[in-house]
Amino acid sequence: MSSISIANLTYAYNAFSSPSLVDINIDLPKGSRTILVGANGAGKSTLLQLLAGKKLVGDGADVRIKGQDVFRNSPAGVTFLGTEWAMNPVVRGDIGVSEFLDSVGGYRHKDRRDLLLDLLDVDLNWRMHKISDGERRRVQLCFGLMVPWDILLLDEVTVDLDVLVRDDLLKFLKADSEARGATILYATHIFDGLNDFPTHVAHMRFGSFVTPPTQWPLPGSSASSPTPSTTPLYNVALQWLKQDREFNRELVRQGKKVPRGARRNEAVPSDSETFYRKYDYSH
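Conventions adopted
- Residues numbered from 1 in each chain as written.
- Predicted model: local features only at pLDDT ≥ 70, side-chain atom pairs only at ≥ 80, totals over all residues.
- Heavy atoms only, no water.
- Core = buried A, V, L, I, M, F, W, Y, C linked by side-chain atoms within 4.5 Å.
- Buried < 20%, exposed > 50% of the residue type's maximum accessible area, 1.4 Å probe, protein only.
- Helix = DSSP H or I, 4+ residues; strand = E, 2+ residues; numbered from the N terminus.
- Contact = heavy atoms within 4.5 Å.
- Pairing = 2+ DSSP bridges.
- Axes fitted to C-alpha atoms, helices over the stretch in contact; angles between N-to-C directions.
- Phe/Tyr/Trp six-rings, centres within 6.5 Å; stacked < 30°, edge-to-face > 60°.
- Lys NZ or Arg CZ within 6 Å of the ring centre and 35° of its normal.
- Polar contact = N/O pair within 3.5 Å; in protein donor to acceptor, adjacent residues only side chain to side chain.

**Topic: the nonpolar core**
Judged by nonpolar contacts, the single largest core of 43 residues is most densely connected at Val139, Leu145 and Leu173. At the level of secondary structure, the elements contributing two or more residues to this core comprise β3 (33–37), α2 (97–103), α3 (110–119), α4 (133–145), β7 (151–155), α5 (163–180), β8 (183–187) and α6 (232–253). Those residues in contact with valine 139 that sit more than four places away from it in its chain are Trp85, Val97, Phe100, Leu101, Val122, Trp126, Met128 and Ile131. Core analysis: the second largest hydrophobic core is formed by 27 residues, Leu47, Leu48, Leu51 and Val57 among them.

Written out as structure tokens, the structure reads:
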């Protein structure tokens, strides 16, 4: 049985917007660890949120985890960790880390909780409203990972971590995945130190897979490298993102997309410029 499977998935946030995901079809085996590569807006976060059951898709799409429909028969053992958690006002309140973890069942998973507390260098005496974003992220990871998971969906959750804690976390996740046959789908823009982590890599562009989940290392790549800046995964991701940029520029040249960046036709001011020039008293 596939760990994660999606067939015929096209998704738009509403009837008035273009689809954020187009014709998604994937099949990930149990125990796989897949890295999602793509530019901002490629659809990675939307895909992870759908798999977590946070958004409902229409008829015709089949989205399953552990063989179960994620919307109508949500399977147990699925953990989703995204960046928005640390910005939630509830977790920024005046509560101690020890009390916070106990309030979500930390006492029931003491051995695993304590392992993560040491790994992530979390102080149980911290107050949630006083700690930094990086420290709050460590608490989130402890909270999210202390219950053993079968499917782990990660959306940029290592962005706030220092390089040492991030490296320790990746080693823990890899070992945990291998020991328990658990599956990881991880969207990130940080590729250094990842060479030995994935079993598969995938490339998304404009809501579609340019390269579906493919076994890593890719043909002609190596899983080891002397320096992070020249790792094969880093180079592969860099090449894919350069292709995305050129693809987007070609659409602009063909008049199929509106260009981004600075406006080259300065003779046509924006509405906001017209307004603020009228009331600009700074000169």
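**Re the sheet that holds strand β10 (residues 208–215)**
Strand order in the open sheet formed by 6 strands is β6-β7-β8-β3-β9-β10, and the pairing between neighbours is mixed. At either margin of the open sheet sits one strand with a lone partner, and together these are β6 (78–82) and β10. Recorded for the sheet is a direction-independent mean angle of 10° between the axes of neighbouring strands. For β7 and β8, the ladder comprises 5 bridges, and the chain directions are parallel. Paired with aspartate 155 across the two strands is alanine 187, which belongs to β8. Most of the contacts of helix α1 (residues 44–51) go to β7, to which it runs at about 150°, and overall it touches β3, β6, β7, β8, β9 (200–205) and β10.

**Topic: the side chain of serine 177**
Of note, serine 177 is situated in helix α5. In contact with serine 177, not counting residues within four places along its chain, are Gly31, Arg33, Ala182 and Ile184.

**Structural notes on the environment of glycine 220**
Tracing the sequence through the fold places glycine 220 in the loop between β10 and α6. Along the backbone, glycine 220 and tyrosine 281 are 61 residues apart, and their C-alpha atoms lie at a distance of 61 Å.

**Things to note about the packing of aromatic side chains**
Applying the stated rule across the entire model yields 4 aromatic pairs. Between the aromatic rings of phenylalanine 100 and phenylalanine 143, the centroid separation amounts to 5.8 Å while the plane-to-plane angle is 55°, which identifies the pairing as tilted. You can see phenylalanine 100 sitting in helix α2 and its partner phenylalanine 143 sitting in helix α4, a full 43 residues away along the chain. Taking relative accessible area as the criterion, phenylalanine 100 reaches 9% and is therefore assigned buried. Looking at phenylalanine 143, the relative accessible area reads 25%, which means it is partly exposed. Look at tyrosine 186 and phenylalanine 197: their rings are 6.2 Å apart centre to centre, the planes differ by 80°, and that puts the pair in the edge-to-face class. On the criterion of sequence distance, the pair formed by tyrosine 186 in strand β8 and phenylalanine 197 in the loop between β8 and β9 is long-range, its members being 11 residues apart. The two residues tyrosine 186 and phenylalanine 197 agree in class, both being buried. Positioned above the aromatic ring of phenylalanine 197, the side-chain terminus of arginine 33 is 5.8 Å from the ring centre. One Lys or Arg, arginine 180, reaches over the ring of tryptophan 149 and ends 5.0 Å from the middle of that ring.

**Things to note about the pairing of β3**
Along a regular strand, successive side chains alternate from one face of the sheet to the other. Of all 5 residues making up β3, 5 are buried, and the element is well covered by its neighbours. Of the two faces of β3, both are covered, the one formed by Arg33, Ile35 and Val37 as well as the one formed by Thr34 and Leu36.

**Notes on the side chain of threonine 188**
Relative to the elements of secondary structure, threonine 188 occurs in the loop between β8 and β9. Separated by 3.0 Å, the side chain of threonine 188 and the backbone nitrogen of isoleucine 190 make a polar contact. Residues within four places of threonine 188 in sequence aside, it is in contact with Ile35, Leu36, Glu156, Thr158 and Leu194.

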